[in-house]
Amino acid sequence: MGTSDTEPDPRPDETPRERFDRELVEMLQGLRVIVAGVQFLFAFLLTLPFSNGFKRVGHVGQWVFYLSLITAACASICLMAPAAQHRMLFRSGRKDLLVNRSNRYGIAGTLALTVSMSSAVAVAAKGFFSSGLAAVTAAAIVGVAAWAWFVQPMLTRHRIEDDGERPEAGRRELRTIID
């Protein structure tokens, strides 16, 4: 997104209204990218039970599939909510509320997407491999998503908040990994 994600006040000359306008546009653009992927995953999941090999995943695999399907639906709802609410709150003068609410929906949607993707991978892996490999693969997907979508940005945010302090030698190496 824009510089507003990393700087507390990137444009001191803009009014609060201009800032919320810019932040909302940036957020909606970012969510637009994610929504396309979620919609593709959700559509795929809706067709999976009708395929010939679906019975191979077994009873537990079917429940894992159900978890994936429901969390994909929840991710879709959360990630589309900002655009829908923008339409419903149009000209209400509450972009500040909309920006903050949209951020929370984006985080919740991304969490749901993490669960859905890892569950879908587990079901697909279980169809052809052992349950153990399916579980390890799903856990690896959760780990990668957790790092890239949550942990790394939180560490970066923490580093930015602490920027006034002199980094210690050990933290300098960590900052290279984070950035």
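Rules of the game
- In this numbering scheme, every chain counts its residues from 1 along its sequence in written order.
- Residue-level local features of this predicted model are given only where pLDDT is at least 70; pairs of side-chain atoms are given and counted only at 80 or more, and the full residue set underlies all totals for whole chains, interfaces and linings.
- Based on all heavy atoms of the structure, the side-chain values leave hydrogens and waters out of the count.
- In this description a helix means any DSSP run of H or I spanning at least four residues, a strand means any run of E spanning at least two, and both kinds are numbered starting from the N terminus.
- Here the term buried applies to any residue with accessible area under 20% of the maximum for its type, exposed to any over 50%, and partly exposed to those in between, with areas from a 1.4 Å probe on protein chains only.
- Like-charged residues are merged into a patch within 9 Å and nonpolar side chains (Val, Leu, Ile, Met, Phe, Trp, Tyr) within 5 Å, provided each residue has over 30% relative accessible area and no salt bridge.
- Only the protein chains shown count as cover for residues, and the accessible areas themselves come from Shrake-Rupley with a 1.4 Å probe.
- Each salt bridge in this description consists of a side-chain nitrogen of Lys or Arg and a carboxyl oxygen of Asp or Glu lying within 4 Å of one another.
- Here a helix's expected span is defined as the number of its residues, less one, multiplied by 1.5 Å.
- The reported bend at a residue is simply the angle between two axes, fitted to the 7 residues ending at it and to the 7 residues beginning with it.
- Throughout this description, the term nonpolar core refers to a set of buried Ala, Val, Leu, Ile, Met, Phe, Trp, Tyr and Cys residues connected via side-chain atoms within 4.5 Å.
- Two residues qualify as a contact provided that any one of their heavy atoms is within 4.5 Å of a heavy atom in the partner residue.

Enquirer: When you look at unusual backbone geometry in this model, what are you seeing that I'm missing?
Expert: Glycine aside, residues mostly have negative phi, and peptide bonds are mostly found in the trans state. One non-glycine residue, R91, adopts positive backbone phi at about 60°. Of note, R91 is situated in the loop between α2 (58-88) and α3 (95-128). When its relative accessible area of 74% is taken as the criterion, R91 is described as exposed.

Enquirer: How should a nonpolar patch on the surface be read in this particular structure?
Expert: On the surface, W63, Y66 and I70 cluster together into a nonpolar patch covering about 340 Å² of accessible area. Relative to the helices and strands, Y66 is located in helix α2.

Enquirer: Sorry, what's going on with α2 here?
Expert: With 31 residues, α2 should reach 45 Å at 1.5 Å per residue; the first-to-last C-alpha distance of 43 Å fits that figure. Residue A81 marks the point of greatest curvature in α2, where the axis turns by about 45°; the proline P82 follows within four residues.

Enquirer: Explanation requested: the nonpolar core in the structure shown.
Expert: Soluble, globular proteins show a tendency: their nonpolar side chains are buried together. In this structure, L45, F65, A75 and L79 are the most contacted members of the largest nonpolar core, which totals 22 residues. Considering every element that reaches this core, the biggest residue donor is helix α1 (residues 16-47), with 8 residues. Ignoring anything within four residues of it in the chain, the contact list for A75 reads V38, G109, A112 and L113.

Note that all results are geometric; they support no functional claim without further evidence.
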